[in-house]
Amino acid sequence: MPEQTTTEESQATRAIPTYDANILPDMLPVYYRRLFPHLPFYRWLSYGLSEDSIFCNREISFTLHDDIYIRYLCFETQAELEKEICSRNPYKIDIGPVMNTKPKNFRAGGLSPVQRELVFDIDMTDYDDVRTCCSGAEVCLKCWKFMVLAARILDQALREDFGFEHILWVFSGRRGIHCWVCDKQARHLDTRGRGAVAEYLNIISYVNVMGTNAARCQLGDRTHHSVKRALKLVEPLFEEIILEDQNLFGTPKGLSKLLLMISEDSARNELESYLQKTHEDGAHSRSIWESFVRYANSMRTSGNVLWSRKLKHIVEEVQLCLLYPRLDINVTKGFNHLLKSPFCIHPATGKVCVPFSLSAVAKFDPTTVPTIAQLLHEINAFDDKTKMDQEAPEDKSRIKDHKKTSMFKGVVVFEEFLRKLERECNQSKSSNMDF
Amino acid sequence: MDFHLKKRARNEIKVEVVSLETKYPHNVMIYNYPPIDDIQIEEFEDLALERLRLLRIFDHAGAKGLRLLSDDWKEYVNAELSREGLRNYLRLCTTSGANATGAKHEADIQTRRRDYLSHFILRLAYCRSEDLTRWFIGREMEYFKYKFSALSGPEIKQFLEANNFHFQPLTESQKDEIKDGLYESTAGQSVTKIELLDFYKVPFTQVLDLVRGRRCYLNAGYAYVNTHDLVSIVGTKQQDEIEQGLQAAKLLIDDVEADERIARMLKALHTSYTGKDYTVSREIAVPIESLDQLSKTSMPLCMRVCHEHIRTQHHIKHGGRMQYGLFLKGIGVTLEDSIRFWRDEFSKKMDVDKFTRSYEYNIHHNYGKKGSMVNYSPYSCLKIIKEMAAPGDCHGCPYKALDQTTLKSKLTSYSLSPSACEEIMYFVSRGHYQFACGKYFMLTHNSQTEVAINHPNTYFEESQNLMGNRQKRNPSSQASQAKSKIHQNLIKGHADRSMLMGQDDDELWRIAESQERAYQSQKGISEAFDDDLDLTEIVD
């Protein structure tokens, strides 16, 4: 028996079709009809109908074939939304804010956002200068570690500092992650509030040094607790990610990145000649880093003015510059910003934008996220199998389609998130009714 | 607002005369209740102009690059207040009101009244457009913070009580529990000071400016702030009041302006401030063929950098397109020319179809021809300096964004002498970017007169004036232009969005973002499938 299953499995793996963007239009109708979690999706955006018009005034936008972009859509009921998605089969669904009136009446004017989840977008391309394994749209397990760390730091800050609890993490379909903070207070932050939270969490700035952008962050005399906490997460992984996996300082170009993070010209030149003296070209990052740390420490303890004042925290600063989350803060700041919905299909990769749980983020593998082609294959295989096994077609319909596929885990994460969210929404609803 | 009430009150007999002392009990007041006094039209005008002079002082201080409430800043503001004959306001800002007696006290109360009334009058003049509103709130808040900073401990307490702020300081044991966080994260106070100070627990949304700068301890959605930080909370409240007041004023503006005398005055005030309004493009069209030349002679560094980037890279990211595109509109490049300019460059890297689909909308949008139909203003220096450049961007203020070595070599490559570079770098290293820009202007134009650069379009205009290419705009045409703008605003008030803090760009960001993504993803598709579409033609 066990042998049989293995052969079956290997057959199934061999048969997994690769994704072909050209047949996406043929696959989307099946995906939306059978797999897209319409009900949970509605449960999310309706927030237990805890506030007036919270669902029906929400702006949704669809991207159809040939980049046709339809904005200001809105829906009264779950059935209407589902029907519209299934008939239009959008390439992409974006979620905007809840408006003061129905967004579809936008031509009448006076449309303004009332609430919207606080969102964060971290994109792997912003890490291109610190990864050597891939570049651009590619992503592998090595560079995914940047994302893992970024998500952890951000999640911890949102929970501990701001007291937010309902945080949904979503893989963006190719090389990035999105974060949706859905607490009531977060949803009701105004533009100023969003700006403040975004700036609070954004500690890195960029300066242009000789034509290349260098990351800089400045720790003062005392280090803010949120930065200190981030450092505690960054430090243990620095060696693994930067020195081993990426071997970032292993090339002259990589080494110059380290040097550019030093803001003082004279100190930079001294360090450069020191490192050149002690190392051959192409020395391993680990030994370069060790020398750098030793050099910085000895300069500091020997009372060098630059190194003991302005560059006092340079070792920590470099670590943060390389590993602290690189946020696209304009996404967070904008009350009006549209963001791609979870469970969309990324048109270039065919991958599902699946939610993932932060506690298991290290195990999340972006390279094995199921593609739409694979999912359709899986439901078919499942259906065939049950047909053969039981010859009981009415039984099949009882199992939800997404449970038959590798998308299952993502839906479970989403439902767990919803369960907690709804508990709170119902509480606030009933407490509203009491008064 | 007041004017309704005023008209009605005219025929009523005043039953109760409230003393000015009870009405204006403090030097610092929250502007929450619109005044219902009767005042003469002359006084109305008088107050308005006085307030304007006051606020302009803060504007100049900011433009000089002085840090708010720093010693230099105070010195400058105090000197200007005396020079402008605003000594009574100087007293409000620098002396504690409680100690004054007799005639001095009487005078202070009169100033408080003028302060209160004039603020509300200016609301009527500054609620008209987003730019005006932003300017007004910025200056008002600087003034407020200055006044608040002069209050003594007991006065602060009195103020808080009078305005229904109820703060309970943490008990010693509560403070002890979080002392590590307070030590690490309370900015601007030494550890020994922190031990002595009272701390208060407030929702983080009340002290957003402290949150933004990571200047306080934050835990579970609450900020822990000390007595010195209370100005932040009170300031937030004041700002909310002013913002809401401006919104309300905007709805009433038609009624107010039914009175011809007031309308004339308010409109004149408006033009007497704005002076430069670059939203509407100028009468002289600038041909795009002249841009290469102009970029060398008359564009400030921030625009020259963008221009050169486009010419060499044939692409520029969204932030740069906004900054440079709106600037071009401001100097008089027509919509048609603008599209031609961007298309010619971008199509060296992508096919024309792609450009039309992904970027043309944006240009139309900037000219107010698509989408929200708002005619966007070119960015001012303040906005450009505030922009954060990300990797691969070339917008923002080069004096701030470039590191000093790079900046120096850039200036040298524009054939500035080493000593000239040093003169510019002097300001750069002190963070006075606009001064640096002004210096650059003087050096490149061989001009001896100092120019204050607050707007890239001002730079351009000044340069053109100096070179004799352009007449100074005569005031009458300017006034009529402004007038027609007011008219526009009144007609389609809804198109003029009233929110603050750069929300005007939201829609653009969104569109640009999604289009950029779409472009990226398409690029991704073609890369993934080795489709040799137009990508082979990319020349780098």
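Sequence positions are assigned chain by chain, starting from 1 and proceeding in written order. Lettering of chains starts at A and numbering of ligands starts at 1, both following the order in which they are written. With the structure being a predicted model, the display of local features is reserved for residues of pLDDT at least 70 and the display and counting of side-chain atom pairs for 80 or more, all residues being used for whole-chain, interface and lining totals.

Under the annotation held in an unreviewed UniProt entry, chain B carries the name DNA primase large subunit and is attributed to Drosophila willistoni. UniProt positions are given in the numbering used here, feature names are shortened, and annotations may be inferred rather than shown by experiment. The annotation that UniProt attaches to chain B under Sequence similarities (unreviewed entry) is "Belongs to the eukaryotic-type primase large subunit family."

Within an unreviewed UniProt entry, the label attached to chain A reads DNA primase, and the organism entered is Drosophila willistoni. According to the UniProt record, the Sequence similarities (unreviewed entry) comment for chain A reads "Belongs to the eukaryotic-type primase small subunit family."

In this structure, what is going on with the overall build of chain A? I would like to understand it.
Counting secondary structure elements, chain A contains 17 helices and 11 strands. Taken along its principal axes, the extent of the C-alpha atoms in chain A is 80 × 65 × 40 Å. Buried positions account for 45% of the 435 residues belonging to chain A. For chain A, long-range pairs separated by at least 24 residues make up 71% of all intrachain contacts whose partners lie at least 6 apart in sequence. Counting from the N terminus, the helices are the DSSP runs of H or I reaching at least four residues and the strands are the DSSP runs of E reaching at least two. As a rule, residues whose C-beta atom has 12 or fewer other C-beta atoms within 10 Å are exposed, those with 20 or more are buried, and those in between are partly exposed; C-beta atoms are placed from the backbone. Whether two residues are in contact is decided by their C-beta atoms, placed from the backbone, lying within 7 Å.

Mind showing me how you'd approach the overall build of chain B here?
The number of helices and strands found in chain B is 28 helices and 3 strands. The proportion of buried residues among the 540 residues of chain B is 34%. Taking contacts inside chain B between residues at least 6 apart in sequence as the whole, the part at least 24 apart equals 69%.

What am I meant to see in the nonpolar core here?
Generally speaking, a soluble globular protein has its nonpolar side chains buried in company with each other. Core analysis: the biggest nonpolar cluster contains 148 residues, and Val207, Val211, Ala223 and Val225 of chain B have the highest contact counts within it. Discounting residues that sit within four places of it in the chain, Val225 of chain B has contacts with Phe199, Tyr200, Val202, Val207, Leu210, Cys216, Leu230 and Ser232 of chain B. By definition, a nonpolar core groups buried Ala, Val, Leu, Ile, Met, Phe, Trp, Tyr and Cys residues that are joined through C-beta atoms within 7 Å.

What's the story with the UniProt feature "binding site: [4Fe-4S] cluster" (unreviewed entry) in chain B in this structure? I'm lost.
All names here are of chain B. Per the UniProt record, "binding site: [4Fe-4S] cluster" (unreviewed entry) is annotated on Cys302, Cys381, Cys397 and Cys437. These annotated residues cover 136 residues of sequence, and their C-alpha atoms all fall within 10.0 Å of one another, placing them together at a single site. Position of Cys302 relative to the elements: it lies in helix H16 (residues 301–313). Non-local contacts of Cys302, meaning those with residues more than four positions away in its chain, are made with Ile384, Cys397, Pro398 and Pro456. The exposure class assigned to Cys397 is buried, which follows from the 25 C-beta atoms found within 10 Å.

Help me out: how do you make sense of the sheet that holds strand S11 (residues 355–356) of chain A in this one?
Sheet strands pair by backbone hydrogen bonding; their relative direction is either parallel or antiparallel. Residue and element names in this part refer to chain A. The strand order across the open sheet formed by 4 strands is S5-S7-S6-S11, and the pairing between neighbours is antiparallel. Of all the strands in the sheet, just strand S5 (118–123) and S11 have a single pairing partner and so form its edges. When DSSP finds two or more bridges between two strands, those strands count as paired. Pairing geometry for S5 and strand S7 (residues 176–181), over 6 bridges, is antiparallel. Pairing of Asp121 across the sheet is with His178, part of S7. Lying over the sheet, helix H5 (residues 141–160) contacts S5, strand S6 (167–171) and S7, oriented at roughly 10° with respect to S7. Helix axes use the C-alpha atoms of the stretch in contact, all axes being lines fitted to C-alpha atoms, and the angles between their N-to-C directions lie in the range 0 to 180 degrees.

I keep staring at helix H17 (residues 318–331) of chain B and nothing clicks. Help me out?
Side chains three or four residues apart in an α-helix point the same way, a direct result of the helix having 3.6 residues per turn. Residue and element names in this part refer to chain B. Relative to the 20 Å expected for 14 residues at 1.5 Å per residue, H17 spans 20 Å between its end C-alpha atoms, a close match to the ideal helical length. Of all 14 residues in H17, 14 are buried; the element is thus mostly enclosed. Phi turns positive one or two residues past the end of H17, at Gly332, with a value near 110°. To estimate how far a helix should extend, the number of its residues minus one is multiplied by 1.5 Å.

Before we go on, may I ask you to explain the packing of helix H3 (residues 41–63) of chain B against helix H7 (residues 130–149) of chain B in this structure?
The packing of two helices is summarised by the inter-axis angle and the distance between the axes. Residues and elements named next belong to chain B. For the pair H3 and H7, interaxial distance at closest approach is 9 Å and the crossing angle is 90°. Of the possible angle classes, the one that applies to H3 and H7 is roughly perpendicular. Facing Leu54, Leu55, Phe58 and Asp59 of H3, the residues of H7 in contact are Arg139, Glu142 and Tyr143. For the contact of H3 with H7, the per-class residue count stands at 4 nonpolar, no polar and 3 charged. Roughly parallel here means an angle under 35 degrees, roughly antiparallel means over 145, roughly perpendicular means 65 to 115, and every remaining angle is called oblique. Classes in brief: Ala, Val, Leu, Ile, Met, Phe, Trp, Tyr, Cys and Pro nonpolar; Asp, Glu, Lys and Arg charged; the others, Gly included, polar.

Explanation requested: the sheet that holds strand S3 (residues 222–226) of chain B in the structure shown.
Residues and elements named next belong to chain B. Strand order in this open sheet of 3 strands is S1-S3-S2, and the pairing throughout is antiparallel. Two strands bound the open sheet, and with one partner strand each, they are strand S1 (199–203) and strand S2 (217–219). The average undirected angle you get between the axes of adjacent strands in this sheet is 30°.

What's the story with unusual backbone geometry in this structure? I'm lost.
Among all residues save glycine, negative phi is the norm, and among peptide bonds the norm is trans. With a phi angle near 60°, Tyr72 of chain A is a residue other than glycine that sits in the positive phi range. Its location among the elements puts Tyr72 of chain A in strand S2 (residues 69–73). You can call Tyr72 of chain A partly exposed: it has 16 C-beta atoms within 10 Å. Phi at Leu69 of chain B is positive, roughly 65°, even though this residue is not glycine.

I tried to follow the confidence of the model for chain B on my own but got confused; where do I start?
Segments scoring low in pLDDT should not have their predicted coordinates read at a detailed level. All names here are of chain B. When pLDDT is averaged along chain B, the result is 77, and 78% of the positions lie at 70 or above. Per-residue confidence from the prediction method is given by pLDDT, with values spanning 0 to 100. Low pLDDT, under 50, characterises residues 1–16; the predicted model gives this stretch 15 contacts beyond four residues in sequence or across chains. Low confidence marks residues 519–540, where pLDDT is under 50. Its contacts with residues over four positions away, or in another chain, come to 15 contacts. As scored by the predictor, the complex reaches a pTM of 0.72 and an ipTM of 0.90.

Explain the environment of Ala61 of chain B to me, please; I cannot follow it from the model alone.
All names here are of chain B. Within the secondary structure, Ala61 is located in helix H3. Ala61 sits in the buried class, given 23 other C-beta atoms within 10 Å. For Ala61, the contacting residues outside a window of four places in its chain are Leu66, Trp73, Tyr76 and Val77.

When you look at the environment of Glu165 of chain A in this model, what are you seeing that I'm missing?
Residue and element names in this part refer to chain A. In this structure, Glu165 sits in the loop between H5 and S6. Glu165 gets classed as partly exposed once you count the C-beta atoms within 10 Å, which come to 14. For the pair formed by Glu165 and Leu421, sequence separation is 256 residues and the distance between their alpha carbons is 8.7 Å.

Mind showing me how you'd approach the pairing of strand S8 (residues 205–209) of chain A here?
All names here are of chain A. Of the strand pairs in this sheet, S8 and strand S9 (residues 212–216) are connected by 5 bridges, and their pairing is antiparallel. What sits directly across from Tyr206, in S9, is Ala215. Where S8 folds back on S9, the antiparallel hairpin that results is connected by 2 residues, among which Met210 adopts a positive phi of roughly 45°.

Got a minute to help me understand the packing of helix H3 (residues 38–46) of chain A against helix H4 (residues 78–88) of chain A in this structure?
Residues and elements named next belong to chain A. Their axes nearest at 10 Å, the elements H3 and H4 cross at an angle of 125°. Classified by the angle their axes make, H3 and H4 are oblique. For the crossing formed where H3 meets H4, the hand is right-handed. Contacts between H3 and H4 involve His38, Leu39 and Tyr42 on the former and, on the latter, Gln78, Leu81 and Glu82. Considering only residue class, the contact of H3 with H4 consists of 3 nonpolar, 2 polar and 1 charged. Should the near helix be turned anticlockwise from the far one by less than a right angle, the crossing is termed left-handed; should it be turned clockwise, right-handed.

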